[in-house]
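Notes for the structure review
The primary structure of each chain is shown beneath.
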Amino acid sequence: MFRFSSTPLDESALRAGLCDPACGGYAAFEGWVRDHNEGLRVRRLEYEAFEPLAIKEGERIIAEAIARFGVEHAACVHRIGALEIGERAVWVGVAARHRDEAFRACRYIIDEVKHRVPIWKKEHYENGDSGWVNCERCAEHAQHAAHAHDGHGHGRPPAPAPDYSRQMALKEVGAAGQEKLRRAAVLVVGCGGLGVPVMTYLAAAGVGCVGLVDGDRLEASNLHRQTLYSLADVGRSKVELAAARLHALNPAVEVRTHPVRLDAACAAEIIQPYSLVIDCTDNFASKFLLNDTCVRLGKPVIFSSVYQYEGQLQVVRPERGGACLRCVWPQATRDGLVGNCAEAGVLGPVPGTFGSLQALEALKLLLDLPGQLADELLMLDLLTLRITRVRTRRAADCPDHAARRPAAGDTDPTLATASAIELTFDPLEEALADGFEVLDIREPDELARVATPCRAARHLPVAQLLHGTAALSPTGKYLLVCASGKRSLAAARELRARGYAAAFSLRGGIAALTSDQRTRTAARPSG
Ligand SMILES: [Zn+2]
């Protein structure tokens, strides 16, 4: 697709190589040797290239053009050696279904070849002088570059190598950490608002292999939050666009593309080669599919969900026996209950923030840094900037974890069902110290008989809680309290099903509090 030729270019033969009955448009560009440059008469010129590097870069440019513009065929041939005035120096040809993409791809290829491919031109002037054109144009630049010039004492500096010095300067990273990143393979599922910052930071950090899964094509309405792409790219495959951009950002990273929507038939096969999975999808079906597959395969997953101005972050570590998505959300929340960006609306920096947090947690995990989010659900409301952290517990009845257990029967199933949602605080004041708002959901007459054994509880009878206009925040951390723990458990389940992820029930209710003398004196065990 890209090559050099030391003999004159035969345009009709080159064009014949692109012929395709499916194509209705062909655009070509030719660059010719002209007889003057910057006021000097030119007699002839020579081209030189560092071929292994130049061919690699040239082929990349052609592949980018095919991906970006969706053309069928593209090729470029550049002359090297001595050329006369009027000779073809470079030829670019593009065949496409329609003329517009053929023109645009052709323009893209020649512009990128001029900027990126290491080719040097030596002009011989009528006055007997000669000069390396590119070299002189970039003389100023070259003075600052610490590159040795080639044997001629001329030439453009070679393409710069990735430089990770600013992250390697961290003592926790260093050369050993950089090598850990280079050996890592991370799968990013979803190339949208979350996926864009995730993939960008991972590639920039030098993660050796980044896999991209997305079956969608770019839409103009994506761009306010998916800032890796351009308006001109609308209609193109997102994974292909993203791969081209990541490659330009860091050519040292291997980018693998999976232009599909993840489903049960392909999930395990796609995920298997990667050491870490990052969920950047916008629907619950995909999240639970990822969860189930990764629990089965024992792969860590970093989940995030965004809703309008707020979002959640959870790191699932099945290889360490941690809680999974189903442990926290026993009844899989249905799509539609919590809308996606298309229906609910979102400000671009909201997924940008959560994607950045996912990238950060991924690097912490790969580098084995302290402070990793584990067995916790982090909720962040970006309107109020309120952060809530909720402990996640592995549910004994979790279907995914049950499937991995060799033998069941060691726990009381009724107790187990409730374990992820029921908490014990004794005295109840401890819940306040842990950041909970305590909601006493008993009826007014119950409250009159036994006061809430907690100085800062809010009284919200269950009917008012579930059917009234009580202002609860979806990111709030609530502990529901009733007399025996039964009504509060049912109410907490109902709140969770409505999207209040941090609704909990006091296990056993007020009756179970040993520290409260008024309610427990009679039932207190002796001895
Ligand atoms: Zn689980």
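Report follows, based on the coordinates. If you're wondering where the values come from, they're calculated on a predicted model, not measured in any experiment.

Definitions and cut-offs
- Residues numbered from 1 in each chain as written.
- Predicted model: local features only at pLDDT ≥ 70, side-chain atom pairs only at ≥ 80, totals over all residues.
- Heavy atoms only, no water.
- Helix = DSSP H or I, 4+ residues; strand = E, 2+ residues; numbered from the N terminus.
- Buried < 20%, exposed > 50% of the residue type's maximum accessible area, 1.4 Å probe, protein only.
- Contact = heavy atoms within 4.5 Å.
- Areas by Shrake-Rupley, 256 points an atom, 1.4 Å probe, with all protein chains shown as cover.
- Pairing = 2+ DSSP bridges.
- Axes fitted to C-alpha atoms, helices over the stretch in contact; angles between N-to-C directions.
- Left-handed = near helix turned anticlockwise from the far one by under 90°.
- Nonpolar A, V, L, I, M, F, W, Y, C, P; charged D, E, K, R; others polar.
- Salt bridge = Lys/Arg side-chain N within 4 Å of Asp/Glu carboxyl O.
- Patch = residues over 30% accessible without salt bridge, like charges linked within 9 Å, V, L, I, M, F, W, Y side chains within 5 Å.
- Right-handed = clockwise from strand over helix to strand, strands pointing away.
- Expected span 1.5 Å × (residues − 1).
- Phe/Tyr/Trp six-rings, centres within 6.5 Å; stacked < 30°, edge-to-face > 60°.
- Lys NZ or Arg CZ within 6 Å of the ring centre and 35° of its normal.
- Core = buried A, V, L, I, M, F, W, Y, C linked by side-chain atoms within 4.5 Å.

A separate point is the overall build of the chain. Along the chain, the regular secondary structure elements total 21 helices and 22 strands. Across the 527 residues that make up the chain, the buried fraction comes to 49%. Taking all contacts inside the chain whose residues are at least 6 apart in sequence as the whole, residues at least 24 apart take part in 68%. Counting only carbon and sulfur atoms, one obtains 53% of the accessible surface of the chain, whose full area is about 25400 Å².

What follows concerns the sheet that holds strand 12 (residues 254-258). Within the open sheet, the eight strands sit side by side as 12-11-10-13-14-15-16-17. Their pairing is mixed. Looking at which strands have only one partner, the edges of the open sheet turn out to be strand 12 and strand 17 (386-391). Ignoring strand direction, the axes of neighbouring strands in this sheet form an average angle of 15 degrees. Two elements, strand 16 (residues 376-381) and strand 17, share six bridges in a ladder whose sense is antiparallel. Note that in strand 17 the partner of Glu-376 across the bridge is Arg-391. Taken strand by strand, helix 11 (residues 284-297) contacts strand 10 (185-189), strand 13 (276-279), strand 14 (301-307) and strand 15 (310-316), and its axis lies near 165 degrees from that of strand 14.

Relative to each other, helix 8 (residues 195-205) and helix 14 (residues 349-367) sit at 35 degrees, their axes nearing to 7 Å. Seen along the crossing, helix 8 lies across helix 14 with a hand that is right-handed. Residue-level contacts link Pro-197, Val-198, Tyr-201, Leu-202 and Ala-205 of helix 8 to Pro-351, Gly-352, Gly-355, Ser-356, Gln-358, Ala-359, Ala-362 and Leu-363 of helix 14. Taken together, the residues of the contact of helix 8 with helix 14 break down into nine nonpolar, four polar and no charged.

Overall, the coordinates contain 27 salt bridges when judged by the stated rule. Here Glu-64 makes a salt bridge to Arg-116, at a shortest N to O gap of 3.0 Å. Here the residue Glu-64 occupies a position in helix 2 (residues 51-69), and Arg-116 occupies one in helix 3 (residues 99-116), the gap between them amounting to 52 residues. On the accessibility criterion, Arg-116 (23% relative accessible area) is partly exposed. The residue Glu-254 makes a salt bridge to Arg-256 at a minimum N-O spacing of 2.9 Å. Judged by its relative accessible area of 41%, Glu-254 falls in the partly exposed class. Classification of Arg-256 as partly exposed rests on a relative accessible area of 32%. Each of Glu-57, Arg-60, Glu-64, Glu-112 and Arg-116 takes part in one network of salt bridges that share partners.

Turning next to the sheet that holds strand 7 (residues 88-96). Strand order in the open sheet made by the four strands is 1-5-7-2, with mixed pairing throughout. Where the open sheet ends on each side, the last strands, each with one partner, are strand 1 (2-5) and strand 2 (25-32). Averaged over all adjacent pairs, the angle separating strand axes in this sheet is 15 degrees, with direction ignored. As paired strands, strand 2 and strand 7 are joined by eight bridges and run antiparallel to one another. Pairing of Gly-31 across the sheet is with Val-90, part of strand 7. Packing of helix 2 onto the sheet brings it into contact with strand 1 and strand 5 (73-79), and relative to strand 1 it is tilted by some 135 degrees. The strands that helix 3 touches are strand 1, strand 2, strand 5 and strand 7; relative to strand 7, the one it contacts most, it runs at about 145 degrees.

Next up on the list: a nonpolar patch on the surface. On the surface, Tyr-309, Leu-347 and Leu-383 cluster together to form a nonpolar patch covering roughly 310 Å² of accessible area. For Tyr-309, the position within the fold is in the loop between strand 14 and strand 15. Residue Tyr-309 is classed as partly exposed on the basis of its relative accessible area of 34%.

Moving on: the pairing of strand 13. Going residue by residue along strand 13, you find Leu-276 and Ile-278 tucked away on one face and Val-277 and Asp-279 tucked away on the opposite face as well. Sheet analysis places strand 10 next to strand 13, joined by four bridges and oriented parallel. Looking at strand 13, one finds that Val-188 is bridged to Ile-278. In terms of handedness, the path from strand 13 via helix 11 over to strand 14 forms a crossover that is right-handed.

Over its twelve residues, helix 9 (residues 238-249) runs 16 Å from end to end, which matches the ideal 16 Å to within 8%, given 1.5 Å per residue. Those residues of helix 9 hidden inside the fold are in contact with helix 2, helix 8, strand 11 (209-213) and strand 12.

Each aromatic ring pair is described using two quantities: the centre-to-centre distance and the angle formed by the ring planes. If you walk through the whole model with that rule in mind, you get five aromatic pairs. A cation over an aromatic ring shows up here: Lys-477 above the ring of Phe-436, its NZ or CZ 4.8 Å from the ring centre.

Moving on, we get to the nonpolar core. Core analysis: the largest hydrophobic core is formed by 48 residues, its most contacted members being Leu-187, Leu-262, Val-277, Phe-425, Leu-428 and Leu-479. In terms of residue count, the dominant contributor to this core is helix 11 (six residues). Here Leu-479 is in contact with Leu-423, Phe-425, Leu-428, Ala-431, Phe-436, Glu-437, Val-438, Leu-439, Phe-504, Ser-505 and Leu-506, once residues within four sequence places are set aside. Cys-191, Leu-212, Leu-218 and Val-350 belong to the second largest nonpolar core, which has 44 residues in total.

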